[in-house]
Amino acid sequence: MTENSKRREFLKLGMGGAVLAGAAAAVALSAQKAVAQSAENSLLRTVIDRGHLIVGTGSTNAPWHFEDEAGKLVGMDITMAKILAKGLFDDETKVEFVLQDPAQRIPNIVTGKVDITIQFMTMSANRAQLVAFPRPYYVEGVSLLSSPNGKMKSFEELTAGGANTRISILQNVGAEEAVHKVLPEAQVMQIDTQANVIAALEAGRVDGAAVDLSTVKWLVARNPEKYADSGFAWESMLYGAALRQGDPDWLNFVSTTFEIAMFGNDTALYDAAFLEYFGTKVPDRKTGFPSH
Amino acid sequence: MAQLIDAIVYAIPYLMSGLGMTLLVSLIVVVLSLVAGVVLGVGLIYGPLSLRWLIRLLTDSIRGIPILVLIFAVYYGLPPLGLNLSSFWAAVLALTLFKTAQVIEYTRGAVSSIPRGQMEAAKSIGLIFGQRLRYVIFPQATRRFLPPWVNGVTDAVKGSALVSLLGVVDLMQAINQVIGRTYEPMPLYLLGAVMYFAINYSLSSLSRVLERRYAYIKE
Amino acid sequence: MSATPLLQIARLTKSFGSNQVLKSVDLDVTAGEVVTVIGPSGGGKTTLLRCVNFLEAYDGGSIKIDGREVGYVDNAGGRKRGEVDLAAMRAETGMVFQSFNLFPHLTAEQNVMLGLQRVRKKPLKEAQEIARHWLDRVGLAHKTKSLPYELSGGQQQRVGIARAVAMDPKILLLDEITSALDPELVNEVLDVVRKLATDGMTMLIVTHEIAFARDASHRIIFMTDGSVSAHGKPDELMAQVASNERLRNFLSRFSAATH
């Protein structure tokens, strides 16, 4: 056997081996057959074995988590849950929702009552000491809802009003400062619930309602005759899902799945929900150099 | 005004299952606490010293804990001890414990206000303990028991709204869900107030009927 | 012919805390006898009576009815009788109270029927007949459907007597049954008791009605400070006044004892 023929024999073996390995890998990579190579006690393993995801969320805040006319739970938080279910089981319906009062968002994670809390939760350093946050899925701001039929509709008009401008906001530590950051002279009415904050605007008792940016987008998209967007947003709060600490595989899985849903090759669910609940298209994504 | 009516009419079907949940929770809590409270109340008055001491300890502890804390303590505190309850049953258990402590008090107050001579007369004609309670003590105690107890029942209905803290969808939560979608709180709070009022008014009327029935017993 | 006494009290002692109320009392009552206990307040008369149907648990000594120990199991050395046992014994003694203790939620008739139905297990009709019979005997046939608050004190007490007697007890215990009555109502009650005595009812009576005690009793017991100070047939007792100073002092308060 000449040197060349020996090499050709060797290469044939190698080719065959490569094909075999490639075939095996292709099979292994199929989502349904993929078995997470994770540690025995990771939630990722537990959830996959269980066959569905348990998500803690609320039911009283549009457009994040609320019941539609048919009584089904919908919203942006719900969509993120569906994205995870799809990533785990190729089936976005494999989710069990556990309704929580906001006070239970962290306790239910820490005690293991739910696998993950997705409930418009602002990421903070304090909270990060108790739970693990995967990458944020929305940047919330504060914006001013105004009345299309009112005297002051745009942010410029509200600013021009000076001390005559009345703004309602949810009762909170730092509520006054939050408004005065952008409207230093405005009168601030602190009100007990979000719905009442908005009702004050409709009743004409205030000129603008300081609410979440997402709320403004939602209301204006639904009721343009009743609500107007003053066109200015400030503050930025990162919304994140909460997971239990000490579980790197679970944390990484959720982060990666969210990342792919927002910037990767599986953005259909996220984009559709973004449009439905916030009335805006997701900005164009860039290829080449990673920009997220 | 028409808008208000429309909003209210629109909301009614969504509130129905919440209403059902409120009634169910209230019913279970009232019935369980009545049975447990009367039994333990009798034990508190007639039982041996060790039992009386134990029951006293139980009621004092529970009545000293705010009901909010009790609800969360039951929901989060029991699983480590091996008892894993659903949100519904954890809330019902917490509310029942709270109400039972009150019913024990009502029972104690009602029964101990009956003159000793009644028990003695009942003993002297040869009735055994159970018969003495059933034929002599309880019929008299009921009259004194009813007013605070019925008050407690209306409180239980109002208090059942606390189950929403554990995510159970009762009338209160159902109201919030609709508001969360429509952002129109007024018609819904109105409707909710009317519904809670209707429930409690029927309860109060029932109590008046019951009180009149027992009124012939002169002090 | 002296049969075993129906009621045998021997060396009875009872204390409330550090206060010894009964200091070794002996007393026998034969069937058909009416025995009255008199004496100053705090002397232990009522306590004695209440020990006989075990409303008070006596500390030492013995009380036997028809040979059976009242509150403690025979030959078992100090073990109290159980609930069912005790109730059965109490059904054999009838008690009438100073404050009547009628059941306010039941009519006169129902008051009398309760024990008949629940303890003697009589059917409704029979219990009703017996109740009506006794209410008639005490002169209240027209008040069977009345509630206690609609009756005068004397009427209530008569219902109390009917309630106790209807149970057909071996012995009747009367605890100062006229002390809480207005004077003009006392006689109607005493008349009923006299009638019962004539009919042969065995009775142990505690009372302040000295004249009644003298007329209606077979024997009178005088108790002071927890023990029997004097006893005997009515004339025998009166004869002891000269030698017994306490008895003399006690009775002197009732010198004008006519009602």
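Every value quoted in this text rests on a predicted model; they were computed, and no experiment measured them. (Residues numbered from 1 in each chain as written. Chains lettered and ligands numbered in written order. Predicted model: local features only at pLDDT ≥ 70, side-chain atom pairs only at ≥ 80, totals over all residues. Heavy atoms only, no water.)

## With respect to the domain arrangement of chain A
Residues and elements named next belong to chain A.
Point 1. The domain architecture assigned to chain A consists of domain 1 (43-137 + 240-278) and domain 2 (140-236).
Point 2. For domain 1 versus domain 2, the distance between C-alpha centres works out to 29 Å.
Point 3. Each side of the interface is counted separately: domain 1 has seven residues, and domain 2 has six residues.
Point 4. Summed over both partners, the interface of domain 1 with domain 2 buries about 570 Å², with 62% contributed by carbon and sulfur atoms.
Point 5. For the pair domain 1 and domain 2, the interface holds zero salt bridges.
Point 6. Along the contact surface separating domain 1 from domain 2 lie one residue pair in polar contact (both at pLDDT 80 or more).
Point 7. With three residues, helix H11 (residues 268-278) is the largest single contributor of residues to the side of domain 1 that touches domain 2.
Point 8. Of the residues belonging to the side of domain 1 that touches domain 2, the class tally is six nonpolar, no polar and one charged. (Domains from an automatic or database assignment. Contact = heavy atoms within 4.5 Å. Buried area = accessible area lost by both parts, 1.4 Å probe. Salt bridge = Lys/Arg side-chain N within 4 Å of Asp/Glu carboxyl O. Polar contact = N/O pair within 3.5 Å; in protein donor to acceptor, adjacent residues only side chain to side chain. Helix = DSSP H or I, 4+ residues; strand = E, 2+ residues; numbered from the N terminus. Nonpolar A, V, L, I, M, F, W, Y, C, P; charged D, E, K, R; others polar.)

## Side note on the interface of chain A and chain B
Point 1. Facing the 28 residues of chain A at the interface are 23 residues of chain B.
Point 2. Summed over both sides, the interface of chain A with chain B buries roughly 2,000 Å², with 51% coming from carbon and sulfur.
Point 3. When residues of chain A are sorted by the area they lose upon contact with chain B, Thr60, Glu69 and Lys113 of chain A head the list and together hold 26% of the total.
Point 4. Seen at the junction of chain A and chain B, the total is one salt bridge.
Point 5. Linking Arg181 of chain B and Glu69 of chain A is a salt bridge whose minimum nitrogen-to-oxygen distance equals 3.8 Å.
Point 6. For the side of chain A that touches chain B, the secondary-structure elements that each account for two or more residues are strand E2 (60-61), strand E3 (65-67), helix H4 (107-110), helix H8 (194-202) and helix H9 (213-222) of chain A.
Point 7. Counting residues per element, the side of chain A that touches chain B draws most heavily on H8 of chain A, which supplies six residues.
Point 8. Split by residue class, the side of chain A that touches chain B holds 10 nonpolar, 11 polar and seven charged.

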